[in-house]
Amino acid sequence: MKPTALVAGNWKMNGLAASQAELEALGTYLSDGAPADCDVLICPPFTLVAAFAANAADGIAVGAQDCHTNTSGAHTGDISAEMLKDAGATYVIVGHSERRADHGEGDSLVKAKAEAVHGQGMKAIVCVGETEAERDAGNTLDIVLGQLAGSLPDAATAANTVVAYEPVWAIGTGRTPTVEDVAEVHTAIRSALVARFGEAGNSFSILYGGSVKPSNADELMNAANVNGALVGGASLKASDFNGIIDAYRK
Ligand code: 13P
C-alpha cells in the first residue's frame, strides 16, 4: 500500500479561543479549493483540542502535541492519551525535539507514549531529527536511525504510526536541508522501516518538518520518500498552511 500523504500543523504553544477563526478559514480554503490529495491535520495546544475537534470542517483531523504514558493518576499538569481521545483527537505527536530538549524526553519514553497513543486507537506521529552539531559531525543518519529504532514500538504499523523527520537546526530558523539531503534521510528511514517491519515498512508515511512554507513545499514534498509535512510557524495562518497543501493539488 502506498503511504498516505499528510500535511500536519503543529501549533506548539500558540493559539487562543479566537484562533478558531484560522481553523474556520482553513475549512473554507479546503472546500472552495481544488481537492488536495493528502490528509490534513491540525494539532493545537491542549486547551483548544476539544473545541477544534468539535468545530473542524470535514476533512480536517485534530490532534495533540504530547501525552502522558499512563491513562490516569497522580500526574499534575499532564494529559493522557485517553483524555485526548475523549476530547476528539485522532493523532498525537510524540518525541518532538522541543519535548526531547526542553523536558529531557528520551527514546524509551517516546516509545511508551506512542504505545499509549496506540492503546487508545489513535495515530502517533513519532518525531526524529539531528542537531546541527550532530549533522556537522557527520552523524545525521546514526542519530536519526537510532532515535527511530528506540522510539517506534514493535506494534507500529502504517495505520497507527507516522514518522516525522525534523532536523532540529531547521526548526523555526528558515533554513532547510537541500532536497538531496532530505531525500537521503527519508530513504534511510524507509530502508530502516522495511528492515524492521518487512514490506509493510513501505506503507508508513514519512513527513518532513523544519521551515516548510508555501515557497519551498512543492520541492520538499516531491523529494524521494517524503509523504507530507509537519509544519510549525506556517501552520498558524490558514492562508500559509493552505499554500503548503497546494503541493498536493495537482
Ligand atoms: P517550523 O515549521 O516553525 O520550522 O517548525 C517545524 C516543527 O517543529 C513542526 O513540528
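The structure presented is a predicted model; accordingly, all values stated were derived computationally and were not measured. (Residues numbered from 1 in each chain as written. Predicted model: local features only at pLDDT ≥ 70, side-chain atom pairs only at ≥ 80, totals over all residues. Heavy atoms only, no water.)

**Student:** Explain the pairing of strand β7 (residues 205–209) to me, please; I cannot follow it from the model alone.
**Tutor:** As a general feature of sheets, a regular strand has side chains that alternate between the two faces. With respect to burial, β7 is a largely interior element, 5 of its 5 residues being buried. The side-chain alternation of β7 yields two buried faces, one formed by Ser205, Leu207 and Gly209 and the other by Ile206 and Tyr208. Sheet analysis places strand β6 (residues 161–165) next to β7, joined by 4 bridges and oriented parallel. If you follow valine 163 over to β7, its bridge partner there is isoleucine 206. Note on the crossover from β6 through helix α8 (residues 179–197) to β7: the handedness is right-handed. (Buried < 20%, exposed > 50% of the residue type's maximum accessible area, 1.4 Å probe, protein only. Helix = DSSP H or I, 4+ residues; strand = E, 2+ residues; numbered from the N terminus. Pairing = 2+ DSSP bridges. Right-handed = clockwise from strand over helix to strand, strands pointing away.)

**Student:** Sorry if this is basic, but what is going on with the site of the ligand here?
**Tutor:** Surveying the vicinity of the ligand reveals 13 residues, the closest of which are Lys12, His96, Gly172, Ser211 and Gly233. Within the contact set of the ligand, an oxygen atom lies 2.9 Å away from a side-chain nitrogen or oxygen of glutamate 166. The backbone of glycine 172 places a nitrogen or oxygen atom 2.6 Å from an oxygen atom of the ligand. Within the complex, the protein chains bury 95% of what would otherwise be the 310 Å² of accessible surface of the ligand. (Near = heavy atom within 4 Å. Polar contact = N/O pair within 3.5 Å; in protein donor to acceptor, adjacent residues only side chain to side chain. Areas by Shrake-Rupley, 256 points an atom, 1.4 Å probe, with all protein chains shown as cover.)

**Student:** I'm lost on helix α1 (residues 20–32) in this one. Help?
**Tutor:** Count 3.6 residues to each turn of an α-helix, and residues three or four apart come out pointing the same way. An ideal rise of 1.5 Å per residue puts 18 Å on 13 residues; α1 measures up with 18 Å between its terminal C-alpha atoms. Of the positions making up α1, those classed as buried are Gln20, Leu23, Leu26, Gly27 and Leu30. In a view along the axis of α1, the buried residues occupy a sector of 110 degrees, so they form one face of it. Here the buried face of α1 lies against β2 (39–43), α2 (46–55), β3 (60–64) and α10 (238–245). (Expected span 1.5 Å × (residues − 1). Arc of directions from axis to C-beta. Contact = heavy atoms within 4.5 Å.)

**Student:** What exactly am I supposed to notice about unusual backbone geometry here?
**Tutor:** Glycine aside, residues mostly have negative phi angles, and peptide bonds mostly take the trans form. Phi at serine 211 is positive, roughly 60 degrees, even though this residue is not glycine. Among the structural elements, serine 211 can be located in the loop between β7 and α9 (214–221). Given the relative accessible area of 15%, serine 211 is considered buried. Of note in this structure, asparagine 225 is not a glycine but carries a positive phi near 65 degrees. For asparagine 225, a relative accessible area of 23% puts it in the partly exposed group.

**Student:** Teacher, can you tell me more about the environment of glycine 59 here?
**Tutor:** Tracing the backbone shows glycine 59 in the loop between α2 and β3. Residues glycine 59 and glycine 27 lie 32 residues apart in sequence; the distance between their C-alpha atoms is 8.0 Å. Among residues more than four places away in sequence, those in contact with glycine 59 are Leu30 and Val40.

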